[in-house]
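Chain by chain, the residues run as shown.
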Amino acid sequence: MVDEERRGGERAADSERPGGRQPETGFGVDEGRLTLRERKKLRTRQRISGEATLLFIRRGFDHVTVAEVARAAEVSTMTVFNYFPRKEDLFLDRIPEARELIVRAVRERGTGESPLAALRRLVLALLAERHPLAGVGEGFEHFWRTVLDSPALRARGREAVEEMEGALAALLAEAAGGDAERPGHDARLGAALTVAAIRAAYVDAAARQLGGDPVDEVAVEQAEVLRRTFDALERALPGFA
């Protein structure tokens, strides 16, 4: 009986998570290549984040404790913190994935492909597949509303933007043959403009979804917004285009 109730709860959780999808935390890793221990750790992390997401969306981030998340995921509070250094990371669990995708896109770009072209390709691909990091999808308004309702999540979001800007500055410096440890002004300016431009597009898409606009319509128009955004970035930053 308990198992059946839990399975029902898990089904309900999936239906209320943004996009009806459990948060991905493995960066698209092929589980077949992982050891048994690594697969168990990945699934535990996903279960913890999934239960946390459901609780935060239902009750509000600031009204749920880490201890409650631990009970829902059937792990100890210490285990939660072993996977997520702070409470905000339980909900914004894709920040490491975003950073990894940006690094991979720039460093593994094709011959003759510029850093901005690689980033354009990445963000449009994420949007086309309705990846959660694109910020557009069925049910995503629950995610955005939860973030907007929590000062702690908004603060962590601002930190994440700064982290992305710093990581991108290092990548742009590296791509230009400079010192990734000490990016110069051009790399820092390029990163700041790029991150700010993409963020502006995402904020607009979030506002439209919160306002009730059809997701398919938002997605189509967001793709055009992103194309125009990168057209403008390439004109403003010819050294990285």
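Given the structure is predicted, the values throughout are model-derived calculations rather than measurements. (Residues numbered from 1 in each chain as written. Predicted model: local features only at pLDDT ≥ 70, side-chain atom pairs only at ≥ 80, totals over all residues. Heavy atoms only, no water.)

## Describing the overall build of the protein
Heads up, the rule is: Helix and strand definitions follow DSSP, with helices as H or I runs of at least four residues and strands as E runs of at least two, each counted in order from the N terminus. Classification of residues uses two cut-offs on accessible area relative to the type maximum, computed with a 1.4 Å probe and protein chains only: under 20% is buried, over 50% is exposed, and between them is partly exposed. Residue contacts are counted whenever heavy atoms from the two residues lie within 4.5 Å of one another. Accessible surface is estimated by sampling points in the Shrake-Rupley manner with a 1.4 Å probe; for residues, cover comes only from the protein chains shown.
Within the protein one finds 11 helices and 0 strands. Walking the protein from its N terminus toward its C terminus, one meets helices and strands in the order α-α-α-α-α-α-α-α-α-α-α. By the burial criterion, 44% of the 241 residues in the protein qualify as buried. Put simply, of all contacts in the protein between residues at least 6 apart along the chain, 70% involve residues at least 24 apart. Accessible area for the protein stands at about 12700 Å²; split by element, carbon and sulfur atoms hold 52% of it.

## Points about helix α10 (residues 185-210)
Defined as follows: Here the expected span of a helix is defined as 1.5 Å times the quantity of residues minus one.
Counted at 1.5 Å a residue, the expected span for α10 with its 26 residues is 38 Å, and the 37 Å between its end C-alpha atoms agrees. Looking one or two residues beyond α10, the residue adopting positive phi is G212, at roughly 95 degrees.

## Some details on helix α8 (residues 140-148)
Our working definition: Read the arc as the range of directions from the helix axis to the C-beta atoms.
Every buried residue belonging to α8 is among F140, F143, W144, T146 and V147, and all of these are buried. Looking straight down α8, one finds its buried side chains confined to an arc of 160 degrees; they lie on one side. Of the surrounding elements, those touching the buried residues of α8 are α2 (36-59), α5 (88-91), α9 (151-175) and α10.

## Describing the packing of aromatic side chains
Going by this rule: A pair of Phe, Tyr and Trp rings is counted when the ring centres sit within 6.5 Å of each other, with Trp represented by its six-membered ring. The angle between the planes then sorts it: under 30 degrees is stacked, over 60 is edge-to-face, the rest tilted. A ring is considered to have a charge above it if a Lys NZ or an Arg CZ atom is located within 6 Å of its centre and within 35 degrees of its normal.
Counted by the stated rule, this structure contains 4 aromatic pairs. Three or more aromatic residues joined by ring pairs form one cluster here, namely F56, F61, F91, F143 and W144. Cation over ring: K87 sits above F61, and NZ or CZ is 4.3 Å from the ring centre.

## Focus on the packing of α10 against helix α11 (residues 215-236)
What counts here: What counts as an axis is a line fitted to C-alpha atoms, over the stretch in contact for a helix, and the angles between N-to-C directions run from 0 to 180 degrees. Working definition: roughly parallel below 35 degrees, roughly antiparallel above 145 degrees, roughly perpendicular at 65 to 115 degrees, and oblique for all remaining angles. Crossing handedness is read from the near helix: turned anticlockwise from the far helix by less than a right angle, it gives a left-handed crossing, and turned clockwise, a right-handed one.
At a minimum axis distance of 10 Å, the contact between α10 and α11 shows a crossing angle of 165 degrees. Here α10 lies roughly antiparallel to α11, going by the angle between them. Crossing of α10 against α11: the hand is right-handed. For the pair α10 and α11, the contacting residues are L193, T194, A197, I198, A201, Y202, A205, R208 and Q209 in the first and V215, E217, V218, E221, Q222, V225, L226, T229, F230 and L233 in the second.

## Thoughts on unusual backbone geometry
Its identity as a non-glycine residue notwithstanding, E74 has a phi of 60 degrees, on the positive side. Turning to its location among the elements, E74 is positioned in the loop between α3 (66-73) and α4 (77-83). A relative accessible area of 55% means that E74 is categorised as exposed. Residues other than glycine seldom take positive phi values, yet R130 does so here, at roughly 55 degrees. Turning to its location among the elements, R130 is positioned in the loop between α7 (115-128) and α8. With relative accessibility at 28%, the residue R130 sits in the partly exposed group.

## Brief notes about the pattern of salt bridges
When the charged atoms of two side chains lie near each other, side chains of opposite charge can form a pair. Inclusion rule: Put simply, a salt bridge is a Lys or Arg side-chain nitrogen that is within 4 Å of an Asp or Glu carboxyl oxygen.
In this structure the tally under the stated criterion is 19 salt bridges. Among the salt bridges present, the one from R59 reaches E68, with a minimum N-O distance of 3.1 Å. Across the salt bridge formed by R94 and E97, the nearest N and O atoms sit 2.9 Å from each other. Each member of the pair R94 and E97 is classed as buried. Three or more residues joined by partner-sharing salt bridges are found here, namely R86, D89, R99, R156, E159 and E163.

## Section: the confidence of the model for the protein
Put simply, the rule is: pLDDT is a residue-level measure of predictor confidence that goes from 0 to 100.
When pLDDT is averaged along the protein, the result is 88; 87% of the residues meet or exceed 70. Predicted confidence is poor over residues 1-29, with pLDDT under 50, and the contacts of this stretch with residues over four places away or in other chains come to 57 contacts.

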